[in-house]
Amino acid sequence: MNFRTIPVFVLAAGVATFALAASRDSIDNIGETRLKGPLGERLDRMIERHVLGTDPNYITAPFMEKTETKGWWQTEFWGKWMHSAIPYSHYAPSDRMYNAIETGIGRILESQEPSGYIGNYPDELRCGEGWDVWGMKYTLMGLLHDYDNEQRGGFVSRMNVPLDAAKKLCDYVIAEIGPNGRRGRELWQTGNWSGYASSSILEPVVWLYRRTNEKKYLDFADYIVKGMTEPEKGPRLLDLALKGVSVADRNGYGNKPDAHGGYVMKHNRSKAYEMMSCYQGILDYVEAKSAELKVESGELRDLRKAAIMTAEDIVKEEINLETCVTTTWMRFCEKLLEVTDDPKWADELEKTFYNAYLAAMKMDGSEFAGYTPLSGNRWHGQHHCYMHTDCCTANGPRGFLCFLKELCRNDGKTATFNFYASALVKGFDMYSLYPRANYARIVCA
Ligand SMILES: [Zn+2]
């Protein structure tokens, strides 16, 4: 695409008023949107073949079997699935979706140990190398999506069971690798990529704080942010960003830029998916902490600036065409749009959606390619961790939600359309042949 989509402002006189979605990973209003035309057909196919096509027994089996010894990431798949299954259960409600969510959450809750742990690592390998903390991050997200669904009158009634399970799981992480934790190491020292992967647990920890208002979770978030920003060998997400060090050059600080293999996996800082996931959590943290302090301190302003500067550097230097990165980048843009209200982030989201995202999705919607190179071969989804799924295929469905969520904003006085598409959305009926034609007809439905 070679033109910029200018948001169209429509006076909404006479139109029913809508409250703005809460500024958290909200599924509000997804049920008020219906995408039509070729995009709508692709989305419908993806929901049918991919989201509904995922067997909840299969992706929760690792939690029941607990056989991990290789440091793999089998426990990310259920949480990622919930990240899209819950919102799509509002977009396209069905008994099948309901039953799949119920089956999955039932097994996850059943698998929780008295210690609070939910995962598949043996005790001696927990909260250390590999992807255990990362898996717990996605499990926390899955539990909190289920809790949110309950709160907005979803279709089941478990009261606070998923929230209590999330609290117990987070308490476990705090006890093991929080301040003076039982394992004798800090959270950022676990997992891969200089602590990026584990540190990205910040995002659901902030979600948990917002849903419980329990100070211990905000204190834990403070501790995670400290680990992300202060240790010389840690993620250093603040100082390197404020110094203007490009994302691709950050490995040179404190690590060997020419190192390879296991060393790179452990210590490199040039890892787009995990790095952006950390900044996503930082933006949530800045909001939550500012609300708590009733003011945005200089320290919080710097953190927000570091996230924005990093995003601008990504636009300027390189956008990696890997589906985990694509989806995470779209989520990051969605958050940046919320935080800054700058339409340039809607443009970035749109560019990535039409080019990288749709190109990575198989025509029948059943899976996503990992890498989508500009020439050469595009591969089918892969098999990760000895399973019939992979990181990118699991992340894929969440990306479409970024497009749906930002399609139209309506604060009751003004509606802002960030993209053109044929859709019924929040009281409007939009017709467009975009990107074949650069205009849209919008009428009050
Ligand atoms: Zn991936």
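Residues numbered from 1 in each chain as written. Predicted model: local features only at pLDDT ≥ 70, side-chain atom pairs only at ≥ 80, totals over all residues. Heavy atoms only, no water.

Asker: Quick question: what am I supposed to make of the overall build of the protein chain here?
Answerer: When you go through the protein chain residue by residue, the secondary structure sums to 16 helices and 7 strands. For 445 residues, the compact-globule estimate of 2.2 N^0.38 gives 22 Å, and the C-alpha radius of gyration of the protein chain, at 21 Å, lies within 12% of that figure. For the protein chain, buried positions account for 59% of its 445 residues. In the protein chain, of all internal contacts separated by at least 6 residues, the share reaching a separation of at least 24 is 69%. Accessible surface, the protein chain as shown: approximately 18100 Å² in total, 53% of it carbon and sulfur. For the protein chain, the separation between the mean place of its 53 positive charges and that of its 59 negative charges on side chains is 1 Å. (Helix = DSSP H or I, 4+ residues; strand = E, 2+ residues; numbered from the N terminus. Rg over C-alpha atoms; globule rule 2.2 N^0.38 Å. Buried < 20%, exposed > 50% of the residue type's maximum accessible area, 1.4 Å probe, protein only. Contact = heavy atoms within 4.5 Å. Areas by Shrake-Rupley, 256 points an atom, 1.4 Å probe, with all protein chains shown as cover. Lys, Arg positive; Asp, Glu negative; His and termini not counted. Charge placed at Lys NZ, Arg CZ, Asp CG, Glu CD.)

Asker: Looking at this structure, how should I read the coordination of the zinc ion?
Answerer: Ideal donor angles around a metal are set by the shape: a four-donor tetrahedron calls for 109.5 degrees, a six-donor octahedron for 90 or 180 degrees. All of the protein donors around the zinc ion are E322 (OE), C324 (SG), C391 (SG) and C392 (SG); their distances to the metal are 2.2 to 2.4 Å. In this structure, the zinc ion is coordinated by 4 donor atoms arranged in irregular fashion, with angles at the metal of 80 to 124 degrees. When the donor residues of the zinc ion are listed from N- to C-terminus, their spacing reads E-x1-C-x66-C-C. Note that E322 is positioned in the loop between α13 (298-317) and α14 (323-340) and C391 in helix α16 (residues 391-406), a separation of 69 residues in sequence. Look at E322 and you get buried, because its relative accessible area is 10%. Assessed through its relative accessible area of 13%, C391 is described here as buried. (Donors = N, O, S within 2.8 Å, 3.2 Å for Na, K, Ca; no water. Tetrahedral: all angles 85-135°; square planar, octahedral: opposite > 155°, others 65-115°.)

Asker: Is there a simple way to think about the confidence of the model for the protein chain in this case?
Answerer: Interpretation of the predicted coordinates at a detailed level should be avoided for regions scoring low in pLDDT. Averaged over all residues, the pLDDT of the protein chain equals 90, while 91% of them reach at least 70. pLDDT under 50 marks residues 1-25. Its contacts with residues more than four places away, or in other chains, come to 63 contacts. (pLDDT = per-residue confidence, 0-100.)

Asker: Explanation requested: the pattern of salt bridges in the structure shown.
Answerer: As a working rule, side chains carrying opposite charge can pair if their charged atoms are close by. In total, this model carries 36 salt bridges according to the counting rule given. Where E230 meets K226, a salt bridge forms, and the shortest distance between an N and an O atom there is 3.1 Å. By relative accessible area, K226 is classed as partly exposed at 47%. A salt bridge links K243 to D239, with the shortest nitrogen-to-oxygen separation between them at 3.5 Å. Connected through salt bridges with shared partners, the residues R210, D284, E287, K335 and E338 form a single ionic network. (Salt bridge = Lys/Arg side-chain N within 4 Å of Asp/Glu carboxyl O.)

Asker: Which parts of the structure should I look at to understand the sheet that holds strand β6 (residues 428-432)?
Answerer: Hydrogen bonds between backbone atoms are what pair the strands of a sheet, whose relative direction is either parallel or antiparallel. Across the sheet, 4 strands lie side by side as β2-β5-β6-β7; this open sheet has antiparallel pairing. Two strands in the sheet have a free side with no partner beyond their single neighbour: β2 (33-35) and β7 (440-444). In this sheet, adjacent strand axes meet at a mean angle of 15 degrees when their direction is disregarded. As paired strands, strand β5 (residues 423-425) and β6 are joined by 3 bridges and run antiparallel to one another. Residue pairing for β6: A423 is matched across the bridge by M430. (Pairing = 2+ DSSP bridges. Axes fitted to C-alpha atoms, helices over the stretch in contact; angles between N-to-C directions.)

Asker: Explain empty space enclosed by the protein to me, please; I cannot follow it from the model alone.
Answerer: If a probe as big as a water molecule is rolled over the atoms, it shows which places are left empty. Scanning the model with the defined rule gives 3 cavities of 30 Å³ or more in all. Considered as a void within the structure, the largest cavity measures approximately 100 Å³ in volume. As for the largest cavity, its lining consists of 13 residues, and the residues nearest its centre are H83, Y138, T328, R331 and N395. Contributions of two or more residues to the lining of the largest cavity are made by α5 (132-151), α12 (272-293), α14 and α16. When the residues that make up the lining of the largest cavity are grouped by side-chain class, the tally is 3 nonpolar, 6 polar and 4 charged. (1 Å grid on protein atoms, 1.4 Å probe; cavity = no way out; pocket = protein on both sides within 12 Å on 5 of 7 lines; lining within 4 Å. Points joined across faces, edges and corners; volume = space filled by probe spheres on them. Nonpolar A, V, L, I, M, F, W, Y, C, P; charged D, E, K, R; others polar.)

Asker: Sorry if this is basic, but what is going on with the nonpolar core here?
Answerer: Generally speaking, soluble globular proteins have nonpolar side chains that are buried together. With 127 residues, the main nonpolar core has L35, Y88, F400 and F403 as its most contacted residues. Broken down by element, the residue count for this core peaks at 10 residues, all from α12. (Core = buried A, V, L, I, M, F, W, Y, C linked by side-chain atoms within 4.5 Å.)

Asker: How do you make sense of the environment of Y357 when you look at a structure like this?
Answerer: Assignment of secondary structure puts Y357 in helix α15 (residues 344-360). Judged by relative accessible area, Y357 falls into the buried class, the value being 0%. Residues Y357 and E322 lie 35 residues apart in sequence; the distance between their C-alpha atoms is 9.0 Å. Excluding residues within four positions of it along the chain, Y357 makes contact with M46, T326, T327, M330, T352, F368, G396, P397, G399 and F400.

Asker: What am I meant to see in the pairing of β6 here?
Answerer: Each regular strand shows side chains that alternate between the opposite faces of the sheet. Burial of the side chains of β6 is restricted to one face: F428, M430 and S432 are buried, whereas none of D429 and Y431 on the reverse face is. Counted between consecutive antiparallel strands, the loop separating β5 from β6 contains 2 residues, among which K426 sits at a positive phi close to 45 degrees.

Asker: What is the right way to read unusual backbone geometry from this model?
Answerer: If a residue is not glycine, its phi is most likely negative; likewise, a peptide bond is most likely trans. Here the bond from Y434 into P435 is cis, since omega is 5 degrees, no more than 30 degrees from zero. Tracing the sequence through the fold places P435 in the loop between β6 and β7. Positive phi outside glycine occurs at K66, with the angle close to 50 degrees. Along the chain, K66 turns up in the loop between α2 (56-65) and α3 (77-91). Take K66: its relative accessible area is 28%, and that puts it in the partly exposed class. Phi at K426 is positive, roughly 45 degrees, even though this residue is not glycine.

Asker: Looking at this model, I keep getting lost on the packing of aromatic side chains. Mind explaining?
Answerer: In this description, an aromatic ring pair is defined by two values, namely the gap between the centres and the angle between the planes. For the structure on display, the rule yields 21 aromatic pairs. A centroid spacing of 5.3 Å and a plane angle of 75 degrees characterise the contact between W134 and Y138, whose relative ring orientation is edge-to-face. In this pair, W134 and Y138 are both assigned in helix α5, 4 residues apart and thus about one turn of the helix distant. Judged by its relative accessible area of 2%, W134 falls in the buried class. Centroid distance F353 to Y354: 5.3 Å. Interplanar angle 80 degrees. Geometry classified as edge-to-face. Overall, F353 belongs to the buried group, its relative accessible area being 0%. Here K70 stacks its cationic end above the ring of W72, 5.2 Å away from the centre of that ring. (Phe/Tyr/Trp six-rings, centres within 6.5 Å; stacked < 30°, edge-to-face > 60°. Lys NZ or Arg CZ within 6 Å of the ring centre and 35° of its normal.)

Asker: Hey, could you run me through the state of the cysteines in this one?
Answerer: Linking two cysteines covalently through their sulfur atoms gives a disulfide. Summed over all chains, the structure comprises 0 disulfides. Note on C170: no disulfide assigned, nearest cysteine sulfur contributed by C127 at a separation of 11 Å. Of the residues examined, C170 reaches a relative accessible area of 1% and is grouped as buried. (Disulfide = S-S within 2.5 Å.)

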